[in-house]
Amino acid sequence: KKCTTAEKTGRSIYRNNYQDSLDRNNARMADNYGIFKERKKIVEHPFGTTKALWGYKQYLCRGKERTTAEQSLVFLTYNLRRVINIFKASDKDLIAAIG
């Protein structure tokens, strides 16, 4: 009676079934905040480029398998363009490097 005014239900505390895992993950994230912050910058760049610059904002297909394939093709194109630009900037011959 000192803790709550709800006489019928009393006081209840909710705890997620996976709370221990969530707590461990939060502690790991706090310990390595700088690493995760850098990783976020590296990982998010391809998504931002394909959405903002290429206009690829939604999937053309439906279903997990097809959308995964579609996204894989987009990132394959992103990586190929990146490799070509790196070779252009370094004045190296891309065909000679492959062959």
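Once a new chain begins, its residue numbering starts again from 1 and follows that chain's sequence as written. Since the coordinates come from a predicted model, pLDDT governs what is reported: local features require at least 70, and pairs of side-chain atoms require 80 or more to be given and counted, while whole-chain, interface and lining totals use all residues. Excluding hydrogens and water, the side-chain values take into account all heavy atoms of the structure.

*Asks:* I'd like to hear about the packing of aromatic side chains, residue by residue, with values.
*Replies:* Planes of paired rings set the category: under 30 degrees apart is stacked, over 60 is edge-to-face and the rest tilted, where pairs are Phe, Tyr or Trp rings (Trp by its six-membered ring) whose centres lie within 6.5 Å. The tally for this structure, following the rule as stated, stands at 3 aromatic pairs. A centroid spacing of 6.2 Å and a plane angle of 55° characterise the contact between Trp 54 and Tyr 78, whose relative ring orientation is tilted. With Trp 54 in the loop between helix H2 (33-53) and helix H3 (64-89) and Tyr 78 in helix H3, the pair connects residues that are 24 residues apart, well separated along the chain. A relative accessible area of 28% means that Trp 54 is categorised as partly exposed. Each ring, one from Tyr 56 and one from Tyr 59, has its centre 6.4 Å from the other, and the planes form 85°; the classification is edge-to-face. Think of it in three bands: residues with accessible area under 20% of the maximum for their type are buried, residues over 50% are exposed, and the middle band is partly exposed, with areas taken using a 1.4 Å probe on protein chains only. You can call Tyr 56 buried: its relative accessible area is 18%. Note on conventions: DSSP H or I runs of at least 4 residues are helices, E runs of at least 2 residues are strands, and numbering of each starts at the N terminus.

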